[in-house]
Amino acid sequence: MAATVEGPELEAAAAAGDASEDSDAGSRALPFLGGNRLSLDLYPGGCQQLLHLCVQQPLQLLQVEFLRLSTHEDPQLLEATLAQLPQSLSCLRSLVLKGGQRRDTLGACLRGALTNLPAGLSGLAHLAHLDLSFNSLETLPACVLQMRGLGALLLSHNCLSELPEALGALPALTFLTVTHNRLQTLPPALGALSTLQRLDLSQNLLDTLPPEIGGLGSLLELNLASNRLQSLPASLVGLRSLRLLVLHSNLLASVPADLARLPLLTRLDLRDNQLRDLPPELLDAPFVRLQGNPLGEASPDAPSSPGRLGPSGSNLLLAPSSLSFPVTPRGCSVTLACGVRLQFPAGATATPITIRYRLLLPEPGLVPLGPHDALLSHVLELQPHGVAFQQDVGLWLLFTPPRARRCREVVVRTRNDNSWGDLETYLEEEAPQRLWAHCQAPHFSWFLVVSRPVSNACLVPPEGTLLCSSGHPGVKVIFPPGATEEPRRVSMQVVRMAGRELQALLGEPEAAVSPLLCLSQSGPPSFLRPVTVQLPLPSGITGLSLDRSRLHLLYWAPPAATWDDITAQVVLELTHLYARFQVTHFSWYWLWYTTKNCVGGLARKAWERLRLHRVNLIALQRRRDPEQVLLQCLPQNKVDATLRRLLERYRGPEPSDTVEMFEGEEFFAAFERGIDVDADRPDCVEGRICFVFYSHLKNVKEVYVTTTLDREAQAVRGQVSFYRGTVPVQVPEEAEAARQRKGADTLWMATLPIKLPRLRGSEGPRRGAGLSLAPLNLGDAETGFLTQSNLLSVAGRLGLDWPAVALHLGVSYREVQRIRHEFRDDLDEQIRHMLFSWAERQAGQPGAVGLLVQALEQSDRQDVAEEVRAVLELGRRKYQDGIRRTGLAPKDPALPGSSAPQPPEPAQA
């Protein structure tokens, strides 16, 4: 709410900046007088200067509408000066009488000497903005209550213990902030402020709220953070205009359930309270923040019981630093910070069990995708693997739906034993562009959300059956009696190709194809009797008019590289609209109508075109830190919107030319011409950054780069190149790589320039150089360490964002101000001192690394958070490799620290 508190002051400053700058020679001689703005708060002797102007009465003084005056003055002189304002500055619209310009030895802002205001100030008929922050007011001056036109009143950092009832009579007040005072109660008349839009009462001693507060019908933002509230009045649900409600750091044990029904509410902050249970409407609401509450824990007064969950149906919300949670036979509902929900029904487990989870980045060895599948989520791993529950556990995975959904479906894919399968999945909408994929998990393993062509399946009995496609009714498979001795499961998927794409590929206007049919089965590879397959004839072709010599039935059996023309090996029965043929085993089938003779190679190219995505590659550098490079692979239709969002913080060259990539295709980025990757990362091989392209994921990495060249002499003009495939065992030299780009089968995709600007001599050595700090580690060997070097790297990335990170880490505002004052001439030292002093206090504390990652994310520094995660993952891998080499690795692959068994390669059909 800090930005909100300063809003009216900023508006006043902006209005002052837009005002007329006309002035005569006399006013130009006074640096604090410009147009209609008089700023005396930054100059010594401000009161004397103002009294002198009041005696001279220059013409410009009558035009002043905005006055700023420091209250670090002699109290009697200050009172005499303020008494002159109604006569000398009758047009005043904004009056700022603030302390805080001076600091104590610890760097904290000092309060001004103002304890009251002259009664005559009520005569400022045009005053709309009054700022009395950082003063020594113990009661609200009576003249303030007579200012009927007042729209904004700022009273932060005073000594107020109460507010007068008459405050409710200010008819134009829209903004009121009374933060960092000593308020214990609020007057009921506060609810009469019908025009009030923003109210900030944070950092006080309030333990109750008057019911009349529900009468603030125009209120948009209400901040009650850091008080002593134990309950809320039910009348809060009457704030129908409310958009922001901040209640963190109180003692709330419950909140009204109807808060979730406020029509305009977009954020409800309930962090760090005493909430043990919440109504489902609030627990499931996406705009509610609940970290730091004992949700799901038993009340301290309740009898002790196994685990830490409350009664059946209790809710548990896990913070990002939590990687496990207990489940008892009573069941519970669990919400993970990574966008996952679990519902354990009562009786799902016979004994208490600890569930562990990880959210893994997708990679080809872990993500089984069919040729036409698309990945929609990261990989969720739930442990212990293979545990059978007495009842199925409900699982919800959050994802962004794909734009093209015709003849496609979304499923949750999981691994059971050594094979992957798809679970019956239901979609539930959370927001217009956010959906939950809901399924019942019979066991714990790996889970991911996949978009695939609509699949139809059935169980074929010995008596025979009929299988039809739900998306293409003309596609059928007829199983005669005796085709199988034992029931077997068969499935079909149908993929359509647009005729114009085929015609452009072949250069033949009359070319056409049928839908592509994929058939798969369980059990023996062949059927005992031929199975009849029916496909629609290619679009625009009928059985009465076609030329049979141009009709081709193509067949593909993985892992063959080409399609085979089997027209001469089967009997094609043609009707007006369909072609029927018989087969004894299943694979891929496709009907083509073309004048071309060698169709197999063309079919392979057309099939690849169906699966290719047109993408662009971008490389941008952060404006405030050119050593931070953002690399991203974007589908062509997302490039413009993404660049519009990024170019406020990044700059760089135009995106690469369009290239084509398959879903799940690996590629890597290589920095060249004197630029190298600055940190050891798990996705970095021989200085190359590895990627896997997934069309519905972000495919973005932020990398810090360095150079061995002398940047004090000149700027470094390097580049980053993108290549297909994995990093080769023998990484070619830069000159050799440049020659390879010109080959016919080149793996090179694009090269984009990177420039590291010349360092000025005053910038000195790289951040952190020459430091002598005590050895320090956060975390542990199993979950990953952050060492002194890692923390220095994090410190070097924060820049001007460090105060926000510090406050989210729990560092007090007073401590931040002290650090700013103590190291006021050295930004890098401010950051290092804050981060290392916090880390020293966290030494040995569990969850410290998770708290750091969470603070970085909350400060909008996702780039640094991802770097910390990469360091932790690298440390975990090294630790696991070490215990495996020493023979200490656990045999159970489900245990933490042991490598997960690799899933098999995905089946092609």
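The shown structure was predicted, so the numbers you read here are calculated from the model rather than taken from an experiment. (Residues numbered from 1 in each chain as written. Predicted model: local features only at pLDDT ≥ 70, side-chain atom pairs only at ≥ 80, totals over all residues. Heavy atoms only, no water.)

Q: What exactly am I supposed to notice about the pairing of strand E42 (residues 666–672) here?
A: The buried fraction of E42 is high, at six of seven residues. Direction of pairing for E42 relative to strand E45 (residues 688–692): antiparallel, over a ladder of five bridges. Looking across to E45, one finds that Ala670 is bridged to Arg688. Summarising the sheet, E42 and strand E47 (residues 716–724) pair through six bridges and their orientation is antiparallel. Bridging across to E47, Phe668 finds its partner in Tyr723. (Buried < 20%, exposed > 50% of the residue type's maximum accessible area, 1.4 Å probe, protein only. Helix = DSSP H or I, 4+ residues; strand = E, 2+ residues; numbered from the N terminus. Pairing = 2+ DSSP bridges.)

Q: What should I look at first to understand the pattern of salt bridges in this one?
A: A pair can form between side chains of opposite charge whenever their charged atoms are brought close. For the structure on display, the rule yields 23 salt bridges. For Glu510, the salt bridge is made with Arg550, and the minimal N-O distance between the two is 3.3 Å. Taken together, the positions of Glu510 in the loop between helix H8 (499–506) and strand E30 (512–513) and Arg550 in the loop between strand E32 (526–536) and strand E33 (551–556) put the pair 40 residues apart, joining distant regions of the chain. Glu510 sits in the exposed class, given a relative accessible area of 54%. Note on Arg550: relative accessible area 16%, which makes it buried. The structure contains a network of salt bridges with shared partners spanning Asp373, Glu409, Arg413, Asp422 and Arg452. (Salt bridge = Lys/Arg side-chain N within 4 Å of Asp/Glu carboxyl O.)

Q: Would you mind going over the UniProt feature "active site" (unreviewed entry) in the chain with me for this structure?
A: The positions that UniProt labels "active site" (unreviewed entry) are, in the present scheme, His443, Ser445, His585 and Ser587. When you line up the elements, Ser445 lands in the loop between strand E24 (434–441) and strand E25 (446–453). Using a relative accessible area of 5% as the deciding quantity, one classes Ser445 as buried. Ignoring any residue separated from it by four or fewer positions in sequence, one finds Ser445 in contact with Leu380, Glu381, Leu382, His385, Thr414 and Arg415. Here His585 lies in strand E36 (residues 578–585). Assessed through its relative accessible area of 32%, His585 is described here as partly exposed. With residues near it in sequence (within four places) discarded, His585 still touches Pro525, Ser526 and Tyr555. At a separation of 3.2 Å, a polar atom in the side chain of His585 contacts the side chain of Tyr555. (UniProt positions renumbered as here; feature names shortened; annotations may be inferred. Contact = heavy atoms within 4.5 Å. Polar contact = N/O pair within 3.5 Å; in protein donor to acceptor, adjacent residues only side chain to side chain.)

Q: For this particular structure, what's the right way to read the packing of aromatic side chains?
A: Tallying each qualifying case throughout the model produces 18 aromatic pairs. A ring pair is formed by Phe479 and Phe527, whose centres lie 5.7 Å apart and whose planes are at 55°; its orientation type is tilted. Residue Phe479 is located in strand E28 (residues 476–479), and its partner Phe527 is located in strand E32; the two are separated by 48 residues in the primary sequence. Classification of Phe479 as buried rests on a relative accessible area of 4%. What makes Phe527 buried here is its relative accessible area of 6%. By the ring-pair criterion, three or more aromatic residues cluster together here, those being Trp556, Trp563, Trp588, Trp590, Trp592 and Trp607. For the cation-ring pair, Arg341 lies above Trp396, with the distance from its terminal atom to the ring centre recorded as 4.8 Å. (Phe/Tyr/Trp six-rings, centres within 6.5 Å; stacked < 30°, edge-to-face > 60°. Lys NZ or Arg CZ within 6 Å of the ring centre and 35° of its normal.)

Q: Sorry if this is basic, but what is going on with the pairing of strand E16 (residues 340–344) here?
A: Burial within E16 is extensive, with four of its five residues counted as buried. The hairpin turn running from strand E15 (residues 332–336) into E16, its antiparallel successor, is three residues long, and Gly339 in that turn takes a positive phi close to 85°. Two elements, E16 and strand E20 (residues 393–399), share four bridges in a ladder whose sense is antiparallel. Bridge assignment links Val340 to a residue of E20, and that residue is Leu397.

Q: Sorry if this is basic, but what is going on with helix H9 (residues 599–611) here?
A: Structurally, the α-helix is built with 3.6 residues per turn, so residues lying three or four positions apart point the same way. Helix length check: H9, at 13 residues, gives a terminal C-alpha distance of 19 Å against a target of 18 Å (1.5 Å per residue), a fit within 8%. All of the buried residues along H9 are Val599, Gly600, Ala603, Ala606, Trp607 and Arg611. For H9, the angular spread of buried residues about the axis comes to 140°, placing them on one side. On its buried side, H9 packs onto H8, strand E31 (516–521), E33, strand E37 (588–593), strand E38 (612–622) and strand E41 (659–662). (Expected span 1.5 Å × (residues − 1). Arc of directions from axis to C-beta.)

Q: Please explain the sheet that holds strand E48 (residues 748–756) as it appears in this structure.
A: To summarise the sheet geometry, strands pair through backbone hydrogen bonds and adopt either a parallel or an antiparallel arrangement. If you walk across this open sheet you meet the five strands as E44-E45-E42-E47-E48, and the pairing is antiparallel. Since the sheet does not close on itself, it has two edges, and those belong to strand E44 (684–685) and E48, each with one partner.

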